[in-house]
Amino acid sequence: PEPRRALATITVQSIRAAQAHRDGDALVMRAAAVEADELLQGIGAAEAPGWSAHRGFIHALRGVAELWAGRPEEACRLLAHAVESYPPGSFNVYGEVYYRGVLALAQAGVGRLSLARASAEAALETARRHGRSRSYESQWAWLAQSVSLLYAGALQGAAEARRHCLEAAGSRLNPFVATTL
């Protein structure tokens with residue numbers, strides 16, 4: 001499509017993916033994020049300076065969708081690219097904690113337990129520095145800690161991380177997190 005139509009579609013599909021995330025609909029989230037990502041690949045910085053500077057958001061959104069659609073390997077690739085390949089400051093604290101926590105969960109899902117714990121701890125350290133270790137976005141890192149410790153046979157540590165996950169989520173437990181717990 002023409003550039004202006006493509007930009008409008010990217011925006012609409014990003015909103016649609018975000019809403020599907022809130023609704024717990026992994027398949028709609030993935031379809032919308034994939035379409036936005038594919039359209040964004042065909043648009044240059046001159047045509048869309050705002051989206052060009054924030055491509056990491058679409059990669060991260062698609063990475064979350066891939067994880068919850070059962071594709072943890074693809075999720076790892078996209079989330080690692082979004083979190084580690086973009087310059088510092090491209091995510092605010094919420095986004096950095098959230099996406100690094102989801103990356104840790106994807107890493108645990110493909111059996112990279114040490115890496116998952118390190119990623120989760122990095123997310124939690126960022127959250128602690130900003131007084132947000134018991135905030136909504138940190139539930140993902142706590143969940144990743146719990147899953148990776150459980151797989152490693154550290155039952156007490158897994159149970160403690162699970163408790164922290166529930167505390168962090170409070171009344172806003174994400175449907176995907178609830179399913180994993």
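Computed from a predicted model, the values in this text were never measured in an experiment.

Cut-offs used in this document
Residues numbered from 1 in each chain as written. Predicted model: local features only at pLDDT ≥ 70, side-chain atom pairs only at ≥ 80, totals over all residues. Heavy atoms only, no water. Helix = DSSP H or I, 4+ residues; strand = E, 2+ residues; numbered from the N terminus. Buried < 20%, exposed > 50% of the residue type's maximum accessible area, 1.4 Å probe, protein only. Polar contact = N/O pair within 3.5 Å; in protein donor to acceptor, adjacent residues only side chain to side chain. Expected span 1.5 Å × (residues − 1). Contact = heavy atoms within 4.5 Å. Phe/Tyr/Trp six-rings, centres within 6.5 Å; stacked < 30°, edge-to-face > 60°.

Caption draft 1: Examining the side chain of S135 more closely. Its place among the elements puts S135 in the loop between α7 (113-129) and α8 (139-151). A relative accessible area of 9% means that S135 is categorised as buried. Separated by 2.5 Å, the side chain of S135 and the backbone oxygen of R132 make a polar contact. Among the polar contacts made by the side chain of S135, one reaches the side chain of E137 at a distance of 3.0 Å.

Caption draft 2: View of α8. Under the 1.5 Å per step criterion, the end-to-end length of α8 is 18 Å for 13 residues, consistent within 8% with the ideal 18 Å. For α8, the tally of buried residues reaches eleven of 13 residues, placing the bulk of the element in the interior. Residues of α8 that are buried include every one of Q139, W140, A141, W142, L143, A144, Q145, S146, V147, S148 and L149, and no others. Among the structural elements, α1 (3-23), α4 (55-68), α6 (93-109), α7, α9 (155-169) and α10 (175-180) are those in contact with the buried residues of α8.

Caption draft 3: Looking closely at the packing of aromatic side chains. This model, assessed by the stated rule, comprises five aromatic pairs. Relative to Y98, the ring of Y94 has its centre 6.0 Å away and its plane inclined at 10 degrees; by these criteria the two rings are stacked. With Y94 and Y98 both in helix α6 and four residues apart, the pair spans about one turn of that helix. What makes Y94 partly exposed here is its relative accessible area of 35%.

Caption draft 4: Seen up close, α9. Taking 1.5 Å of rise per residue, 15 residues should cover 21 Å, and α9 covers 21 Å from first to last C-alpha, within 8% of that figure. The inward-facing, buried residues of α9 abut α8 and α10. The positive-phi residue at the C-terminal boundary of α9 is G170, with phi of around 55 degrees.

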